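# Structural overview for review
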Amino acid sequence: MDAKLLEILVCPVCKGPLTYVKSQQELICKADRLAFAIKDGIPVMLQVEARELDALEEVQ
């Protein structure tokens, strides 16, 4: 994932910062507890496509 792209990407729901999880190829919004997948190097920044984090799932 390109570092410059990571600097400008924000959560489409709350406009907050995202955390890149390389091992899962996801961008995580801690505030909304959503995980946005990265497919073929392209972040899928659609709320309807985001995975909701479980209540027990640790947010880094």
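Numbering of residues starts from 1 in each chain and follows the order in which that chain's sequence is written. The model is predicted, so local features are restricted to residues of pLDDT at least 70 and side-chain atom pairs to those at 80 or more, both for listing and for counting; the totals for chains, interfaces and linings are taken over all residues. Remark: hydrogens and water are excluded; side-chain values derive from all non-hydrogen atoms of the structure.

## A closer look at the overall build of the chain
Each helix corresponds to a stretch of at least 4 residues labelled H or I by DSSP, and each strand to a stretch of at least 2 residues labelled E; elements are numbered beginning at the N terminus. Broken down by element type, the chain carries one helix and five strands. It is over C-alpha atoms that the radius of gyration is taken, and the globule rule equals 2.2 Å times the number of residues to the power 0.38. Against the 2.2 N^0.38 benchmark of 10 Å for 60 residues, the chain shows a C-alpha radius of gyration of 11 Å, consistent with a compact globule. Each of the three principal axes of the chain carries a C-alpha extent, and together these read 30 × 25 × 20 Å. Relative accessibility decides the category of a residue: with a 1.4 Å probe and only protein chains considered, values under 20% of the type maximum give buried, values over 50% give exposed, and everything between is partly exposed. Taking all 60 residues of the chain together, the buried fraction comes to 28%. Sequence-distant contacts in the chain: of pairs separated by 6 or more residues, those separated by 24 or more amount to 23%. Computed by Shrake-Rupley with a 1.4 Å probe, the accessible areas treat only the displayed protein chains as cover when residues are assessed. Of the roughly 4300 Å² that the chain leaves accessible, carbon and sulfur atoms contribute 53%. For the purpose of counting charges, residues Lys and Arg are taken to be positive, whereas Asp and Glu are taken to be negative. His and the chain ends are not included. All charge positions are set by atom: Lys at NZ, Arg at CZ, Asp at CG, Glu at CD. If you average the places of the 7 positive and of the 10 negative side-chain charges in the chain, the two averages end up 4 Å apart. Any two residues whose heavy atoms approach within 4.5 Å at even a single point are treated as in contact.

## Quick look at unusual backbone geometry
At Q25, a residue that is not glycine, the phi angle is positive and equals roughly 50 degrees. Its place among the elements puts Q25 in the loop between β1 (19-21) and β2 (26-29). Of the residues examined, Q25 reaches a relative accessible area of 32% and is grouped as partly exposed. The backbone of D40 sits at a positive phi, close to 55 degrees, despite the residue not being glycine. Topologically, D40 is positioned in the loop between β3 (34-39) and β4 (42-43). For D40, a relative accessible area of 80% translates into the label exposed.

## A few points about the nonpolar core
Only buried residues count toward a nonpolar core, which is a set of Ala, Val, Leu, Ile, Met, Phe, Trp, Tyr and Cys residues joined through side-chain atoms within 4.5 Å. Membership of the largest hydrophobic core is limited to nine residues, which are L9, C11, L18, L27, C29, L34, F36, I38 and A50. Only β2 and β3 provide two or more residues apiece to this core. When residues of this core are assigned to their parent elements, the largest contribution, three residues, is made by β3. Excluding residues within four positions of it along the chain, C29 makes contact with C11, C14, P17, L18, L34 and F36.

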